[in-house]
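In case you want the letters, here they are:
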Amino acid sequence: MNDKYSRRLEIRIDGERFALLRKKAKETRKSIAELIRDAIDKQYRWASISRKLHALEKLKEISVPIENWSDLKEDVEEEILLKNESL
C-alpha cells in the first residue's frame, strides 16, 4: 500500500450509489477509492481556493501606495519574525 494514503476510512452507502461508483470506476479505469478522493478534492479544495480568491479580491481593494515591493516584503518578513520571537 502507498504510504501517501495512510488513513483508512470506512463508509456505508446504499446499493444505488455503490453501483454508480462501480460503473464509473470501470468506465474511467480508476478505483472506487480514487473516485472518492477526487470527489473530496473537487468539493472541499475548491471551497478553500474560492476563499483564498475572495481574500485576494479584498486585498486588491486596499489602496496603499507601495513604491518598492521588495521593501514591503522585507518589512512583512521582519514583522513576522518579531511576532514569532515574542511567542
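Using the criterion set out here, one finds 5 salt bridges in the structure. Between R12 and E10 there is a salt bridge whose closest N-O contact spans 3.7 Å. Residue classification places R12 among the exposed residues on the basis of a relative accessible area of 76%. Residue E10 is classed as exposed on the basis of its relative accessible area, which comes to 66%. One salt bridge in this structure joins D38 and K30, with 2.8 Å as the shortest N-O distance. Linked through salt bridges whose partners overlap, the residues forming this network are K23, K24 and E27.

Here the protein chain averages 83 in pLDDT, and 91% of its residues register 70 or above. Within the protein chain, helix α1 (residues 15-28) carries the highest mean pLDDT (97), whereas helix α3 (residues 69-86) carries the lowest (76).

Time to look at α1. The terminal C-alpha atoms of α1, which comprises 14 residues, lie 20 Å apart, in line with the 20 Å expected from a rise of 1.5 Å per residue. Residue D14 occupies the N-cap position of α1, its side-chain oxygen lying 3.1 Å from the main-chain nitrogen of E16. Positive phi shows up at R29, right after α1, with a value of about 60°.

Another point: a negative patch on the surface. There is a patch of like negative charges on the surface, built from D71, E74, D75, E78 and E79. Turning to its location among the elements, D71 is positioned in helix α3.

Conventions adopted
Residues numbered from 1 in each chain as written. Predicted model: local features only at pLDDT ≥ 70, side-chain atom pairs only at ≥ 80, totals over all residues. Heavy atoms only, no water. Salt bridge = Lys/Arg side-chain N within 4 Å of Asp/Glu carboxyl O. Buried < 20%, exposed > 50% of the residue type's maximum accessible area, 1.4 Å probe, protein only. pLDDT = per-residue confidence, 0-100. Helix = DSSP H or I, 4+ residues; strand = E, 2+ residues; numbered from the N terminus. Expected span 1.5 Å × (residues − 1). Polar contact = N/O pair within 3.5 Å; in protein donor to acceptor, adjacent residues only side chain to side chain. Patch = residues over 30% accessible without salt bridge, like charges linked within 9 Å, V, L, I, M, F, W, Y side chains within 5 Å. Areas by Shrake-Rupley, 256 points an atom, 1.4 Å probe, with all protein chains shown as cover. Lys, Arg positive; Asp, Glu negative; His and termini not counted. Charge placed at Lys NZ, Arg CZ, Asp CG, Glu CD.

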